[in-house]
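Residue-level structure breakdown
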Amino acid sequence: MPVFTRKKSILFLTSALVWTQCLPGKSAHAETSIETMEKQIRLLQVQLKELKVQQARRDREVQEARAAAQQARVEAESNPYAVRRAYANGAQGLATPSALATPVYSTPYGQITGMPVGRKSAAAPFHKGQFAIGGVTITLGGFVEMAGIFRTRNETADISSNFGAIPWKNSPNAHMNEYHQSERQSRFAALVQGDLNSRLNVSGYTELDFQGAGSSSNSRQSNSYVLRSRLMYAELQDKPDDWYVAGGQMWSMATMFKHGMGLRDENIPLVIDAQYIPGFTWTRNTGIRAVKGFNHGEYHIGLALENPQSVWGGTTYIPPGATSVTINNPGGQVDNPSTTYSDDVAPDIIVKGTADPSFGHFEALGMMRFLHDRVSYLGHGNSHVVVAGGGGGAMLVPLIKHKLDFQASGLVGNGIGRYGTTNLADATTNRFGTPVALPEAQVLAGLIGHPAKSVDLYAYGGMEDILSGRYFNVGSKAYGYGNPNFVTTGCDTEGSTACSANIQRVIQGTVGMWWRYLQGDYGTLSFGAQYSYTNVAGFRGTGGVPHTDDNMVFLSMRYLPFQ
């Protein structure tokens, strides 16, 4: 009964009692009625007292709730991410707050590079480094790195090793160690996303670092290395129908994926060395692609047209009567004049299919390339186009779920050197000046372990091999690539100039680890270490098979503010 109703009842009964007591000639029945009314009044007074106690308790609860709300507002202002994680945990049934502190990456590469992870829906709460402008969500990523590099052979290289330029032992650099400290792999990344409608999503992505070098860049005083575009592309995606189209500078579709063929889901080696490891098939170049999924994402097929470049090697022969053989040219206009660019007539064409059954990830790909040159004579000339390419596959199998993965990938064909980390030659020329594609194989295998949430361990072994040379002789002179008449007698003698070796094979084994030793709303602090051994062998020449090698050690400290 409400409080005000009970109060009225008490007043009414009290008035009735007083009135009845004033009546003359009270009977026994009246006395009994009065006693009953007195009992009821006492009972109502007890109930009223209890209601007052309950009301006081409710007042205290309201005051405590107001105080808690005030404290929550203070915490939201001082530590907004913790509140958002708690809200997500309670309201949306997501993972625990500690798990939500770090975005969940499909590929471990994202954890060591701070790759941005976008919102899964417009209703999802923001996480670190994420904000909205109108209907567009922007997610920041990247890391700041201080790295140390030690090599037993002097390559005069920064954080990116040049496996194809490890000096032969006739060079003084082969007998000199090399040590550098570098911040140039530090990276800025941003992902911009927006929904066009209930089905279509559009996004743009960029990664920038400082591994470019301008004419004034040096390590003497100011280290003025220039900003470099790693990735820069846009994507139109239809998630319900499982397809996307993308264009810009991306990882090549020949690169292995972790799952399906989604952008930012590439399976990049976890090494510190920014040139990765021999046997890893990749490029980052401009292209356009279309990918379609089937059977709820279990299968994907894609087609890509990618920017061509050809790597030429060996000794070029100019046919009798010809004035020149043009295979490439120094950069002009805004290209780099200190390097060469091949003369190409069509994009590289890549077709890939992937399957993701419950027991792993599997890929198969085919590639077609077009090698182009021109032999010029006085007053006329002939252009030549030779079709090259190859095929390959990859697999990623969890040996122990969430703890240990095995991966293997390979590519074999003619004229595919450009897609290997070492950038071995794609082609040479024959006695008529026509391009000749070199047969090559690339293979990589690895084990990736996660003994704890904050620790990644890895071991990789890779190889790139030009399977056989393409050469010829004219008189006493040797031409082509891998000619056994090339002079290699001095390749193992310091100071000798008698070394005209062509690389045949590059092999590397590497081990390393990453430890994310501090994680919180301020970001993540991680430490990485890597050791690698690289062996390089040349084609046999008149002095035998030249060899060289390099032991490398890398240390890295990274701060990932948005992870």
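These numbers were taken from a predicted model, which means no experiment stands behind them.

Re unusual backbone geometry
- Phi is positive for His 296, which is not a glycine, with a value near 60°.
- For His 296, the position within the fold is in the loop between β8 (284-294) and β9 (299-306).
- Look at His 296 and you get exposed, because its relative accessible area is 85%.
- Positive phi values are uncommon outside glycine, yet Gln 333 reaches one of about 55°.

So, the nonpolar core
- By size, the foremost hydrophobic cluster in this structure holds 59 residues, and its most contacted members are Tyr 109, Trp 251, Leu 270, Tyr 276, Phe 280 and Tyr 460.
- When residues of this core are assigned to their parent elements, the largest contribution, four residues, is made by strand β7 (residues 243-251).
- In contact with Trp 251, other than residues within four places in its own chain, are Tyr 109, Arg 230, Leu 231, Glu 266, Ile 268, Tyr 276, Phe 280, Trp 282, Thr 283, Arg 284 and Arg 289.
- Among the nonpolar cores identified, the runner-up in size contains nine residues, and Val 325, Ile 327, Ala 388 and Ala 427 belong to it.

Some remarks on the side chain of Arg 289
- On the secondary structure map, Arg 289 appears in strand β8.
- An unpaired buried charge is present at Arg 289: no salt bridge exists, and Glu 306, the closest side chain of opposite charge, is 4.4 Å distant.
- In terms of polar contacts, Arg 289 uses its side chain to reach the side chain of Tyr 244, at 3.5 Å.
- Residues in contact with Arg 289, not counting those within four places in the same chain, are Tyr 244, Val 245, Ala 246, Met 250, Trp 251, Ser 252, Met 253, Phe 257, Leu 263, Leu 303, Ala 304 and Glu 306.

Remarks on the confidence of the model for the protein chain
- Confidence in the prediction of the protein chain, expressed as mean pLDDT, is 89, and 88% of residues score 70 or more.
- Every residue in residues 87-102 scores below 50 in pLDDT, and together they form 21 contacts with partners more than four places removed in sequence or on other chains.

Thoughts on the pattern of salt bridges
- Under the criterion given, the structure shown has 17 salt bridges.
- In this structure, Arg 228 and Asp 209 form a salt bridge, with 2.8 Å as the shortest nitrogen-oxygen distance. In this pair, Arg 228 is assigned in strand β6 (residues 226-238) and Asp 209 in strand β5 (residues 200-212), connecting sequence segments 19 residues apart.
- The class for Arg 228 is partly exposed, based on a relative accessible area of 25%.
- Of the charged contacts in the structure, one is a salt bridge between Glu 363 and Lys 352, with a shortest N-O distance of 2.8 Å. On the criterion of sequence distance, the pair formed by Glu 363 in strand β14 (residues 361-377) and Lys 352 in strand β13 (residues 348-355) is long-range, its members being eleven residues apart.
- Classification of Lys 352 by relative accessible area gives buried; the value is 1%.

Section: the pairing of strand β15 (residues 380-400)
- The pairing of β14 with β15 spans 17 bridges and is antiparallel. Bridge pairing in β15 links Leu 371 to Val 386.
- In this antiparallel pair of consecutive strands, β14 and β15, the connection spans two residues, and Gly 379 shows a positive phi of 95°.
- Counting the residues between successive antiparallel strands, the hairpin from β15 to strand β16 (residues 404-414) contains three residues, one of them, His 402, with a positive phi of roughly 65°.

Details of the packing of aromatic side chains
- Within this structure, the stated rule accounts for 13 aromatic pairs.
- Where Tyr 276 meets Phe 280, the ring centres are 5.5 Å apart and the plane angle is 70°; that geometry is what we call edge-to-face. Here Tyr 276 matches Phe 280 in class, with each residue buried.
- On the basis of an interplanar angle of 15° and a centroid distance of 5.6 Å, the ring pair of Phe 472 and Tyr 479 is categorised as stacked. Here the two residues Phe 472 and Tyr 479 agree in accessibility, since each one is buried.

Focus on the environment of Thr 113
- For Thr 113, the location among the structural elements is in helix α5 (residues 109-113).
- Put simply, Thr 113 and Glu 145 are 32 residues apart on the chain and 9.9 Å apart in space, counted from C-alpha to C-alpha.
- Discounting chain neighbours no more than four positions away, the residues touching Thr 113 are Gly 142, Phe 143, Arg 187, Arg 558 and Leu 560.

Some remarks on the state of the cysteines
- A complete count under the given rule lists one disulfide for this structure.
- With its sulfur 2.0 Å from that of its partner, Cys 491 forms a disulfide with Cys 499. Residues Cys 491 and Cys 499 are joined through a disulfide that is right-handed, its torsion about the S-S bond being 100°.
- Taking relative accessible area as the criterion, Cys 499 reaches 18% and is therefore assigned buried.

Observations concerning a nonpolar patch on the surface
- Side chains of Phe 150, Tyr 179, Val 511, Tyr 531, Tyr 533, Val 553 and Leu 555 sit close together on the surface and give an oily, nonpolar patch of about 610 Å² of accessible area.
- Every element with two or more residues in the nonpolar patch is listed here: β24 (523-538) and β25 (547-560).
- For Tyr 179, the location among the structural elements is in strand β3 (residues 178-182).
- Owing to a relative accessible area of 51%, Tyr 179 belongs among the exposed residues under this scheme.

Some thoughts on the pairing of β14
- Where strand β10 (residues 322-326) lies against β14, four bridges are found, and the strand directions are antiparallel. Bridging across to β14, Thr 326 finds its partner in Arg 374.
- Sheet topology places β13 next to β14; seven bridges connect them, and they run antiparallel. Across the sheet, Ile 350 pairs through a bridge with Met 367, a residue of β14.
- A loop of five residues connects β13 with β14, the two strands running antiparallel in sequence, and Gly 360 in this loop sits at a positive phi of about 155°.

Thresholds, definitions, all that
- Residues numbered from 1 in each chain as written.
- Predicted model: local features only at pLDDT ≥ 70, side-chain atom pairs only at ≥ 80, totals over all residues.
- Heavy atoms only, no water.
- Helix = DSSP H or I, 4+ residues; strand = E, 2+ residues; numbered from the N terminus.
- Buried < 20%, exposed > 50% of the residue type's maximum accessible area, 1.4 Å probe, protein only.
- Core = buried A, V, L, I, M, F, W, Y, C linked by side-chain atoms within 4.5 Å.
- Contact = heavy atoms within 4.5 Å.
- Lys, Arg positive; Asp, Glu negative; His and termini not counted.
- Salt bridge = Lys/Arg side-chain N within 4 Å of Asp/Glu carboxyl O.
- Polar contact = N/O pair within 3.5 Å; in protein donor to acceptor, adjacent residues only side chain to side chain.
- pLDDT = per-residue confidence, 0-100.
- Pairing = 2+ DSSP bridges.
- Phe/Tyr/Trp six-rings, centres within 6.5 Å; stacked < 30°, edge-to-face > 60°.
- Disulfide = S-S within 2.5 Å.
- Patch = residues over 30% accessible without salt bridge, like charges linked within 9 Å, V, L, I, M, F, W, Y side chains within 5 Å.
- Areas by Shrake-Rupley, 256 points an atom, 1.4 Å probe, with all protein chains shown as cover.

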